[in-house]
Amino acid sequence: MPEPLPSPAPAMRRASQARARDKQEKLLGAALTLVAERGFEDVKMSDITARADCAVGTAYYLFGNKEGLFRALKERFTEEMNTKIDALGERPELATAPLADVMGEIVYAILADLRANEGVLRAALARSANAPDEWLSFRDLVQRLQHRLAGELGPRLKEIAHPDPRLALGFALQLIFSTAANTLLNDPGPLHLHDSALERELTRMACAYLGL
């Protein structure tokens, strides 16, 4: 009896999964751009699928609805931030560079991530007034960054001119995030989210508080 031909199903499944991931990323990228431009409430699924050049049915199949897509955007941001926090141990400058420079790099990285995801974060902040859970994952990220950075700096914390250096570092990050979040949500001025001077002034504020 002749040997049965090997089934092509696994390769077909892999190709299908790859196509689905590609469409998913296109839709998420389109949603990220549109939500930043118009705000979450004013963007329709049909707007997102048109920008991504995908069928509307594909979007509903992959995400369920617009809320599901929004959750996917938040989850992707959280995963990316956790990966960056985990990578702090691979930054040799944490052990050697002046702490003022380290704070500058932290501020730059925080603002870059906020700017890249501003529409999603703005929507989550606005919703958190009535649904506090909307912001819990982002709050946890800030706390995780505080603990991880303090651990990586270790004995260098004594360079901070404060009786409780670990608390001071955490509060400096709280100042950075709360100021950036207020700028993102309310844009009170005089500096705005995309102003290049925002990095400089936030770094100056944090370093002055830390005595660096």
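Residues numbered from 1 in each chain as written. Predicted model: local features only at pLDDT ≥ 70, side-chain atom pairs only at ≥ 80, totals over all residues. Heavy atoms only, no water.

A few words now on the environment of Arg76. The topology assignment puts Arg76 in helix 4 (residues 66–86). A sequence separation of 48 residues divides Arg76 from Leu28, and the C-alpha atoms of the two residues are 9.2 Å apart. Among residues more than four places away in sequence, those in contact with Arg76 are Glu25, Leu28, Gly29 and Leu32. (Helix = DSSP H or I, 4+ residues; strand = E, 2+ residues; numbered from the N terminus. Contact = heavy atoms within 4.5 Å.)

Within the largest apolar cluster, 62 residues are counted, with the highest numbers of intra-cluster contacts made by Ile48, Leu69, Met103, Leu111, Leu169 and Ile176. Of the residues forming this core, the biggest block, nine residues, is contributed by helix 9 (residues 165–186). Those residues within four positions of Leu69 in sequence are excluded, and the remaining contacts are Leu28, Ala31, Met45, Ile48 and Phe63. (Core = buried A, V, L, I, M, F, W, Y, C linked by side-chain atoms within 4.5 Å. Buried < 20%, exposed > 50% of the residue type's maximum accessible area, 1.4 Å probe, protein only.)

On to the side chain of Arg115. Inspection of the secondary structure assignment puts Arg115 in helix 6 (residues 99–116). The class of Arg115 is buried, set by a relative accessible area of 17%. A distance of 2.6 Å separates the side chain of Arg115 from the backbone oxygen of Leu193, its partner in a polar contact. Leaving out residues up to four positions away in the same chain, Arg115 has contacts with Leu193, His194, Asp195, Leu198 and Glu199. (Polar contact = N/O pair within 3.5 Å; in protein donor to acceptor, adjacent residues only side chain to side chain.)

Counted under the stated rule, the structure contains four aromatic pairs. Measuring from centroid to centroid gives 5.4 Å for Phe171 and Tyr209, while their planes differ by 70 degrees, and the two rings are edge-to-face. Of the two residues, Phe171 is situated in helix 9 and Tyr209 in helix 10 (residues 197–210); the sequence distance between them amounts to 38 residues. Residue classification places Phe171 among the partly exposed residues on the basis of a relative accessible area of 31%. Among the aromatic side chains, those forming a connected cluster through ring pairs are Phe77, Trp135 and Phe138. Its end group placed over the ring of Phe40, Lys66 keeps NZ or CZ at 4.3 Å from the ring centre. Positioned above the aromatic ring of Phe70, the side-chain terminus of Arg127 is 4.6 Å from the ring centre. (Phe/Tyr/Trp six-rings, centres within 6.5 Å; stacked < 30°, edge-to-face > 60°. Lys NZ or Arg CZ within 6 Å of the ring centre and 35° of its normal.)

For the rest of this paragraph, the subject is the environment of Val56. Its location among the elements puts Val56 in helix 3 (residues 56–63). Taking the C-alpha atoms as reference points, Val56 and Asn182, separated by 126 residues in sequence, lie 35 Å from one another. Contact partners of Val56, with chain neighbours within four places excluded, come to Ser46 and Thr49.

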